[in-house]
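# Observations on the three-dimensional arrangement
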Amino acid sequence: MSYLIEGRTGQWEVVVGLEVHAQVISNAKLFSGASTEFGKGPNENVSLVDAAMPGMLPVINEMAIEQAVRTGLGLRAVINRHSVFERKNYFYADLPQGYQISQFLHPIVGEGIVTLDLDGGESRDIGIERLHLEQDAGKSIHDRDPRRTMIDLNRSGVALMEIVSKPDIRTPEEAGAYLRKLRAIVRYLGTCDGNMEEGSMRADVNVSVRPLGETELRTRVEVKNVNSIRFVMQAIEIEAERQVEAWEDGEEIIQETRLFDPNRGETRPMRSKEFAHDYRYFPDPDLLPVRLEEDYIAAIKKTLPELPDDKKARLIKDLGLSPYDASVLVADRETAAYFETAAKGRDAKQVANWLTTNLFGALNKRGVGIDESPVTAEDLGALVGLIEDGTISSKIAKDVFEDMLETGKAPGAIVEEKGLKQITDSGAIEAIVDQVIADNPGQADEVRGGNEKAIGWFVGQVMKASQGKANPGQVNQLLKAKLLG
Amino acid sequence: MSTQKHWTIAAAADALAKGEVSSRELTDQHIKAIEDNRILNAFITESFDVARERADASDARRAKGDVAGPMDGVPIAMKDLFCTEGVRTTAASHILENFVPRYESTVSGKLRDAGSVMLGKANLDEFAMGSANITSYFGSVKNPWTPKGANADLVPGGSSGGSVAAVSGGLAIAATGTDTGGSIRQPASFTGLVGMKPTYGRCSRWGVVAFASSLDQAGPIAHTVEDAAIMFEAMAGYDPKDSTSLDMPVPDCRAAVAAGAGGDAKGLRVGIPKEYTLDGMPADIQKLWDQGVTWLKDMGAEIKDVSLPHTKYALPTYYIVAPAEASSNLARYDGVRYGLRVPGGSLDEMYELTRAEGFGDEVQRRIMIGTYVLSAGYYDAYYVKAQQVRTLIANDFKSVFNDVDVVLTPTAPSAAFAKGEKMDDPIAMYLNDVFTVPASLAGLPAMSVPGGLDANGLPLGLQLISGVCQEETLFRAAAALEHAAGFTAKAGDAS
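Residues numbered from 1 in each chain as written. Chains lettered and ligands numbered in written order. Predicted model: local features only at pLDDT ≥ 70, side-chain atom pairs only at ≥ 80, totals over all residues.

## Some points on the overall build of chain A
Across its full length, chain A holds 15 helices and 16 strands. In terms of overall size, chain A is more extended than a compact globule, its C-alpha atoms giving a radius of gyration of 30 Å where 485 residues would be expected to give roughly 23 Å. On the principal axes, the C-alpha backbone points of chain A span a range of 95 × 55 × 50 Å. Sorting the 485 residues of chain A into buried and exposed places 43% on the buried side. A separation of at least 24 residues holds for 69% of the contacts in chain A among residues at least 6 apart in sequence. (Helix = DSSP H or I, 4+ residues; strand = E, 2+ residues; numbered from the N terminus. Rg over C-alpha atoms; globule rule 2.2 N^0.38 Å. Buried ≥ 20, exposed ≤ 12 C-beta atoms within 10 Å, placed from the backbone. Contact = placed C-beta atoms within 7 Å.)

In structure tokens form, the structure reads like this:
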């Protein structure tokens, strides 16, 4: 896939790297025992440490370390056995310590890979530069009071993983695919819920452009805190176009931080004061370096679930699914689990088809996720089973499925209740066929006269007369025998 | 009841056990002494109600035969750097002038649980930054000692100036201190007391207002080596709330004191570092140091000349590392959540006004030095280099402790000086710490033991340094040295 911007001077390539902040799933904060529960009242999840009271000291939450290692393994990354927490110093009202505890020179996770699933079943690898742990800041609330700013420290100290990609992304679509894949991986791992609306996953987007063919990277601009995949894609497009225009107008792009305004469809520079810091990083003397034993890493590795890429490969190889279907099904953990339950002992391709077209369509219409599906995985599997063993036709199955969506009943019960069982008794079908031929002598003559296509019309009539229950194969066979035989 | 002015912990414990005195009586006696000596300005906050309550509780425990240990019922002073639940904690700073913690520091909590009676919060240099206790927002502390034939006010040393003034003036039986570069040992030397800085990590830093996290260490200030051992054992111990806390059992230092108390230094190998001889060092200091060597030798110790070649870099290294950490540690005092706030037209202006008014000159100076050495373009040249030198200094000691058990040096390059001296020259003031800073940088246990009086009748201390976690060796050597010195002079004797 190529995405090039047509400028006055020629074609421009877009170079993108993403910094994703992913909130670690953990009951407690990175360095304090305070709760991380979402939706609490202001300042209800705040310990003495989070409020940076005098003399308070951070103590590392081992769960956060484990989650970071787990995520690193899921990103097929190097786990650094030695990592260091440093202080990033700056003043802000919602940063109680006056510094953020983060990792700088020695992150806990090094280089890794995320494989993108692109349209048409293609895939492409994006490099991971590093993953490090850091504290979140609190929240400044400016609209509660006309003159004062309120501070909510519930998020202060919550553990974040900053996952930094290499500048390998070349199109807005790839950026979207990267974020979806990253989200899928952390959800499979159970290390981040990936919920961008609640802010548990946020992205900073680094964008630069260069004339097609140029190998050097040009100055990048950081677009901060973009909070949906759609906005990330839009922001890249808009920022890249701005940069192309600027370069072509002979302007210099300066390294700066900009904000994306989705309402106005523009990026604009943050006031320099908001980011022009000398952070004065230095190792936090309150914390010892983190040292991980090989055994510890190996033990975590053993508990990793099957990840999307492996699952996709297995679905293609063992179940014969197309790469496209496979990547759709593994895109999130719930869908994959649903599929695997439904497909147990059934025709996997047919289950995949029902899932990706019929079920997804119905869920979309209802605006619900697969975890709220009115049709259980077992029932969808059973429905496919009824088609496979000839109990119902595919056409009847669609009606049964509609019924299942409405009532939540099992397909077998619906078929039984409504008498939808396929008629396979050839005597019964023959009687209907004879009747239909007798009722339509004109059309019968047409078929006999050589218009074989008209036989389809007879099939339809017979099916109608049987209320769809006649086995269409048998109907076809009988009609051919009687009209053409 | 005995009305002696200077109690030791051991004597008080004994008298309490025998029923010769009650904790309440001891406490009231010291409260009276505090009230009579407010001119010393040893306390920022007096907590007499808390003290009487705890004294009564101690007496009640004792009546039931339920004594918490040798500290039970002993009135002490608490350096006002330890957060104390419900009792104002200021760090001697305007910025925390009205701060009342809702939590108790681990160390003060341990002392409370050991039954000791907190009389009040002892004065100190602001945020423990100083060597003369002249930087306190609540005024300077007066040394209870006065030079022979003169009536100049002397500084008590710092930063634990209020603690040593309280103990040497008979206002408290013992006191807590904190030592970052010498803040326990140097003031102990200036007031004829024993001051001990444990191995870094022995005493929890949780709840202690931070100055320089990698150096700060709490320790006891007392009249005798035995008292220091008793109090150290009550203060020390692993604390999971401090990630730098040592997860090791507290050694039996009282037994070590008993071993050395009779003047027995047999088999003890004592190192004399040649780099601690300074140009222009007062003759009295050199004389006392030589005397210390003789004492130890006479008690059976083996004396060895040793070299700590990077000593001369210790002070500059310290004055990079400590301010760097301090500049970051003090960022939390921003007027947002607690402490002083001076309103401004914008957030930045509020910060500027609050911190300009809330911090004194010395604190501001160190914040600026620290910010400078950490800033982009200077970090490698200053902070990283200083950390490298720090490692070399620690390695110096490590190799010396292959050959000796303790190192003997003077504690400070002078006796207590008059208030007003060295005030306009921060560098001259920093030189006070020249002998104490190396052990701080290396995280080693060290103790100042009173050795004698100088020509003006002012006390001088000798410093012993031992290897990491070798507190037992340190206490044994200190007890022997104390025995040999036979130092009995008290503040006010001369006047």
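## Observations regarding the overall build of chain B
Counting its regular elements, chain B contains 16 helices and 11 strands. In terms of overall dimensions, chain B is globule-like: its C-alpha atoms have a radius of gyration of 21 Å, near the 23 Å expected for 495 residues. Taking the principal axes of its C-alpha atoms as reference, chain B extends roughly 65 × 55 × 50 Å. Looking at chain B as a whole, 61% of its 495 residues are labelled buried. In chain B, once contacts between residues fewer than 6 apart in sequence are set aside, the share between residues at least 24 apart is 77%.

## Things to note about the sheet that holds strand 5 (residues 99–103) of chain A
Hydrogen bonds along the backbone pair up the strands of a sheet, which may run parallel or antiparallel. Residues and elements named next belong to chain A. With antiparallel pairing, the three strands of this open sheet are ordered in space as 5-4-15. Among the strands making up the open sheet, the edge pair consists of strand 5 and strand 15 (282–283). The sheet contact formed by strand 4 (residues 85–89) and strand 5 spans five bridges and is antiparallel. Bridged to F85 within strand 5 is Q103. (Pairing = 2+ DSSP bridges.)

## Topic: the interface of chain B and chain A
By a widely used convention, the size of an interface equals the accessible area lost when the partners come together. Contact residues are listed per partner, giving 33 residues for chain B and 24 residues for chain A. If you list the elements that add at least two residues to the side of chain B that touches chain A, you get helix 10 (314–329), helix 11 (347–358) and helix 12 (361–374) of chain B. Looking at which element gives the most residues to the side of chain B that touches chain A, the answer is helix 10 of chain B, with three residues.

## Some points on unusual backbone geometry
In this chain, G158(B) is followed by S159(B) through a cis amide linkage whose omega measures 10 degrees. Summarising the element assignment, S159(B) is placed in the loop between strand 3 (117–122) and helix 5 (161–168). Unlike most non-glycine residues, R76(A) shows phi in positive territory, near 50 degrees. One can find R76(A) in the loop between helix 1 (62–74) and strand 3 (82–83). Unusually for a residue other than glycine, F127(B) sits at a positive phi of about 55 degrees. With respect to the helices and strands, F127(B) occurs in the loop between strand 3 and helix 5.

## Focus on the domain arrangement of chain A
All names here are of chain A. When its domains are assigned, chain A resolves into domain 1 (4–300), domain 2 (306–418) and domain 3 (426–483). Distance between the C-alpha centres of domain 2 and domain 3: 33 Å. Listed by partner, the interface residues are four residues for domain 2 and four residues for domain 3. In the side of domain 2 that touches domain 3, the residues fall into one nonpolar, two polar and one charged. (Domains from an automatic or database assignment. Nonpolar A, V, L, I, M, F, W, Y, C, P; charged D, E, K, R; others polar.)

## Focus on the nonpolar core
Core analysis: the biggest nonpolar cluster contains 228 residues, and I9(B), I76(B), A174(B) and L464(B) have the highest contact counts within it. Ranked by residue count, the leading element in this core is helix 2 (residues 172–189) of chain A, at 10 residues. Contact partners of I9(B), with chain neighbours within four places excluded, come to P70(B), M71(B), V74(B), I173(B), A174(B), A222(B), D227(B), I230(B) and M231(B). Ranked by size, the runner-up nonpolar core spans 33 residues in total, among them I387(A), I392(A), I396(A) and V415(A). (Core = buried A, V, L, I, M, F, W, Y, C linked by C-beta atoms within 7 Å.)

## Quick word on the packing of helix 1 of chain A against helix 4 (residues 294–302) of chain A
Residues and elements named next belong to chain A. Packing of helix 1 against helix 4 brings their axes to within 10 Å, and their N-to-C directions diverge by 65 degrees. Taken together, the axis directions place helix 1 and helix 4 in an arrangement best described as roughly perpendicular. Crossing handedness for the pair helix 1 and helix 4: right-handed. Contacts between helix 1 and helix 4 involve E66, V69, R70 and L73 on the former and, on the latter, I297, I300 and K301. (Axes fitted to C-alpha atoms, helices over the stretch in contact; angles between N-to-C directions. Parallel < 35°, antiparallel > 145°, perpendicular 65-115°, else oblique. Left-handed = near helix turned anticlockwise from the far one by under 90°.)

## Thoughts on the pairing of strand 9 (residues 406–410) of chain B
All names here are of chain B. Counting buried positions along strand 9 yields five of five residues, so the element is predominantly enclosed. Residues V406, L408 and P410 of strand 9 are buried on one face, and the alternating residues V407 and T409, pointing to the opposite face, are buried as well. In the sheet, strand 7 (residues 269–273) pairs with strand 9 via two bridges, with the strands oriented parallel. Across the sheet, G271 pairs through a bridge with V407, a residue of strand 9. Sheet topology places strand 9 next to strand 11 (residues 459–466); five bridges connect them, and they run antiparallel.

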